[in-house]
Amino acid sequence: MIDHTTVQKVARLARLQLTASEETLFTVQLGDILAYIDQLSELDTTGVQPTTRAVELSNVTRPDVRRPPLDPEQLLSQAPQREEAFYRVPRISEP
Amino acid sequence: MSLIRTLREQLVKRERSAVELTQEQLDWIDQTEPLIHSFLHLMPERAMAQARRIDQALARGEALGPLAGVVMALKDNLCTLNAPTTCASQILKDYQAPYEATVNLKLEAAGAILIGKTNLDEFAMGSSTENSAYGPSRNPWDLGTVPGGSSGGSAAAVAARLVVAALGSDTGGSIRQPAAFCGVVGLKPTYGLVSRYGLVAFASSLDQIGPLANTVEDAALVLQAIAGYDPYDSTSLNLAVPDYNSALIPDIKGLKVGLVTEFIGEGTSPGVLQAIETALEVLKSLGAEIQEVSCPQFKYGLPTYYIIAPCEASANLARYDGVKYGLRAEPAESLLGMYEQSRNQGFGREVKRRIMIGTYALSSGYYDAYYIKALKVRTLIKEDFLNAFTKVDVLVGPTAPTTAFRFGDKEDPLSMYLSDVCTIPLNLAGMGGISIPCGFDQGLPIGLQIMGAPLAEPTLLRVAYAYEQATAWHQHQPSFIT
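Definitions and cut-offs
- Residues numbered from 1 in each chain as written.
- Chains lettered and ligands numbered in written order.
- Predicted model: local features only at pLDDT ≥ 70, side-chain atom pairs only at ≥ 80, totals over all residues.
- Heavy atoms only, no water.
- Helix = DSSP H or I, 4+ residues; strand = E, 2+ residues; numbered from the N terminus.
- Rg over C-alpha atoms; globule rule 2.2 N^0.38 Å.
- Buried < 20%, exposed > 50% of the residue type's maximum accessible area, 1.4 Å probe, protein only.
- Lys, Arg positive; Asp, Glu negative; His and termini not counted.
- Charge placed at Lys NZ, Arg CZ, Asp CG, Glu CD.
- Contact = heavy atoms within 4.5 Å.
- Buried area = accessible area lost by both parts, 1.4 Å probe.
- Salt bridge = Lys/Arg side-chain N within 4 Å of Asp/Glu carboxyl O.
- Pairing = 2+ DSSP bridges.
- Axes fitted to C-alpha atoms, helices over the stretch in contact; angles between N-to-C directions.
- Polar contact = N/O pair within 3.5 Å; in protein donor to acceptor, adjacent residues only side chain to side chain.
- Domains from an automatic or database assignment.
- Nonpolar A, V, L, I, M, F, W, Y, C, P; charged D, E, K, R; others polar.
- Arc of directions from axis to C-beta.

Draft legend 1. How the structure looks around the overall build of chain B. Along chain B, the regular secondary structure elements total 15 helices and eleven strands. For 482 residues, the compact-globule estimate of 2.2 N^0.38 gives 23 Å, and chain B sits close to it at 21 Å. Expressed as lengths along the three principal axes of its C-alpha atoms, the size of chain B is roughly 65 × 50 × 45 Å. Within chain B, the proportion of its 482 residues that are buried is 66%. Charge-centre separation for chain B: the mean point of 38 positive side chains lies 3 Å from the mean point of 49 negative side chains.

Draft legend 2. Highlighting the interface of chain B and chain A. Contacts between the two partners involve 66 residues from chain B, matched on the other side by 54 residues from chain A. The junction of chain B with chain A conceals about 5,400 Å² of combined surface from both sides, 67% of it contributed by carbon and sulfur atoms. Contact with chain A buries surface across chain B, with E340(B), M356(B) and Y360(B) losing the most and accounting together for 12% of the total. The interface formed by chain B and chain A holds two salt bridges in total. Among the elements of the structure, α9 (301–316), α10 (335–346), α11 (349–362), α12 (367–391) and α13 (413–417) of chain B are those that each provide at least two residues to the side of chain B that touches chain A.

Draft legend 3. Quick peek at the sheet that holds strand β8 (residues 289–293) of chain B. Residues and elements named next belong to chain B. Taken together, the eleven strands give an open sheet; going across it, the order is β1-β3-β2-β4-β6-β5-β10-β11-β9-β7-β8, and neighbouring strands pair in mixed fashion. Both outer strands of the open sheet, β1 (39–42) and β8, are each paired with one neighbouring strand and no more. Here the strands of the sheet are splayed against their neighbours by 30° on average, with no regard to which way each runs. Bridge count between strand β4 (residues 165–169) and strand β6 (residues 209–213): five bridges; the pairing is antiparallel.

Draft legend 4. Just unusual backbone geometry, in detail. Residue and element names in this part refer to chain B. Residue S150 follows G149 across a cis peptide bond; omega there is 10°. For S150, the location among the structural elements is in the loop between β3 (113–118) and α5 (152–159). The phi dihedral of H37 is positive, around 50°, even though this residue is not glycine. Position of H37 relative to the elements: it lies in the loop between α2 (18–36) and β1.

Draft legend 5. Expanded view of the side chain of E312(B). Residues and elements named next belong to chain B. Relative to the helices and strands, E312 resides in helix α9. In this structure, E312 is buried with no salt-bridge partner, the nearest side chain bearing the opposite charge being R378 at 4.5 Å. A polar contact is formed between the side chain of E312 and the backbone nitrogen of S204, at a distance of 2.8 Å. For E312, the residues in contact, after removing those within four places along its chain, are F202, A203, S204, S205 and L206.

Draft legend 6. Looking closely at the domain arrangement of chain B. All names here are of chain B. For chain B, the domain assignment lists domain 1 (3–258 + 391–475) and domain 2 (299–371). Each of domain 1 and domain 2 has a C-alpha centre, and these two points are 27 Å apart. Between domain 1 and domain 2, the contact holds 26 residues from the first and 27 residues from the second. Here domain 1 and domain 2 share an interface that buries about 2,200 Å² over both sides, 69% of which is from carbon and sulfur atoms. The three residues of domain 1 that bury the most area against domain 2 are I91, M125 and Y417, which together make up 32% of that side's buried surface. Linking domain 1 to domain 2 there are nine residue pairs in polar contact (both at pLDDT 80 or more). Put simply, the parts of the chain that give the side of domain 1 that touches domain 2 at least two residues each are α13 and α14 (424–429). Considered class by class, the residues forming the side of domain 1 that touches domain 2 number 16 nonpolar, eight polar and two charged.

Draft legend 7. Representation of the pairing of strand β11 (residues 444–452) of chain B within the structure. Residues and elements named next belong to chain B. With respect to burial, β11 is a largely interior element, nine of its nine residues being buried. With five bridges connecting them, strand β9 (residues 394–398) and β11 associate as antiparallel partners. Directly across from V394, in β11, lies its bridge partner G452. Bridge count for strand β10 (residues 433–441) against β11 is eight bridges, and the pairing is antiparallel.

Draft legend 8. Region of the structure containing the side chain of K352(B). Mapped onto the fold, K352(B) is located in helix α11. Judged by relative accessible area, which is 4%, K352(B) ranks as buried. A polar atom in the side chain of K352(B) sits 2.6 Å from the side chain of E22(A). Excluding anything up to four places from it in sequence, K352(B) contacts L16(A), L18(A), E22(A), F26(A), R343(B), N344(B) and F347(B).

Draft legend 9. Fine view of helix α1 (residues 3–12) of chain B. All names here are of chain B. For α1, the full list of buried residues reads I4, L7, Q10 and L11. One side of α1 carries all its buried residues, which in axial view fall inside an arc of 130°. Looking at the buried positions of α1, the neighbouring elements they touch are α2, α3 (44–59) and α7 (216–226). Between a side-chain oxygen at the N-terminus of α1 and the backbone nitrogen of I4 the separation is 3.3 Å; the capping residue is S2. Two residues or fewer after α1 comes R14, characterised by a positive phi angle close to 60°.

Right under this line is the structure:
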């Protein structure tokens, strides 16, 4: 079942820093939602193939022809922080 | 009568110019938008430039596209150049996409005038637009009720005649349910029929773009313009697009119509049930053969969807990390802290909730019990549809179990999820469906949902058109439009 520890663990996996009140709220709500979802366990699905997509298409390829890329300057213009042609992020390792 | 055809005729006869049509819509938006709040951004310059192009083409005696002069809106999860694409989220508050969605280019090539971007539940997750980070839209039929969602801004804009037609996206009912709540036509095409290049991904195995319009004919005209293969979308079907206009024949004699018994059980309001029964009588009087069809696995549609969609969403939304675009929380002392704080500040509560459900269901130890289980039930639901289509040509039922609800009425997430119970099975099966107006309950519109086999859009449109021609529901307008 869903408890505080589970919510904290899942939030870490999802890269979400929840507030204390969100943690409490989600502990209750995720529990309710998963309890509702658990009705699926009453269905016997032995031998049933999973459907991952509505239309079966696989290995879609395109001709190996060069086409112009998006403008790098336009892409970089959306960055919260940049330095020349790079995205700037907080320090990853100690010098 | 098709609004698009009427306007096009006026344009061709030079009774009104495209610039005049656009200015009239902008004036009406100016006047009405404070009540409805259907738009997140307007694009008056882009709209006027396109209008001038159409007027010039007309002056030169050139042939006009099928949507020439048609003022349209785009849901704000469709990427546009030179205008924000926010998905109604704080995390994309100032985001400017570097490319155009294929559907936008196709609409403009057909002559449509794109005038603005409409409100939605954040990242299309919701059924009321109450999850928009920029405030909800209101239902033109009753400003105290929601327009439905997630394409609620598009539905409200069409219902209030702010635009002639609009595009929405439908992952679990997000075109059909708001169309029903706002008394307009909403069509969710077969998965793969319309390119999703430039649609911000929510649940990739379910998302599909489609039209909202005032009449079935208008919806068919818009579908015609946006359907077809796109090499930029690897899930797009490489097939010839049929002529949808030729499907619009008001003749359904001998057509087999199945009423989904699972959709008329408890939870469906008496007013909605009454309207569906009356609609079936109309179809019968037009020569259709009505029978009840049971699809026993449909009741598992909602729990199945609330595994699959959040799982896919948790993966799709991992890209919002504050590095390349979108909101970054400051000051950021570590990379991990920056990710976590940016996402927590940028995402609203429902989006976080779904990311949490999806992350949980995909995490080690739960993957088989939840995700694989849901994919297997998805197979069973699809089989229910395919079995039904060996007996009948189309399935029908209500689009939503109730009419539009009031703001704040569904605070509990599960009760909100239940408002999509009639639309979700179709997305899981990847088939096409349409919602058309079929009556009112206490002044609020009711939608009749018609569902078809894969690529059966011509049949859907024929049934919808025949019904529409035999009734006058689509001629009703919210009272503030005079």
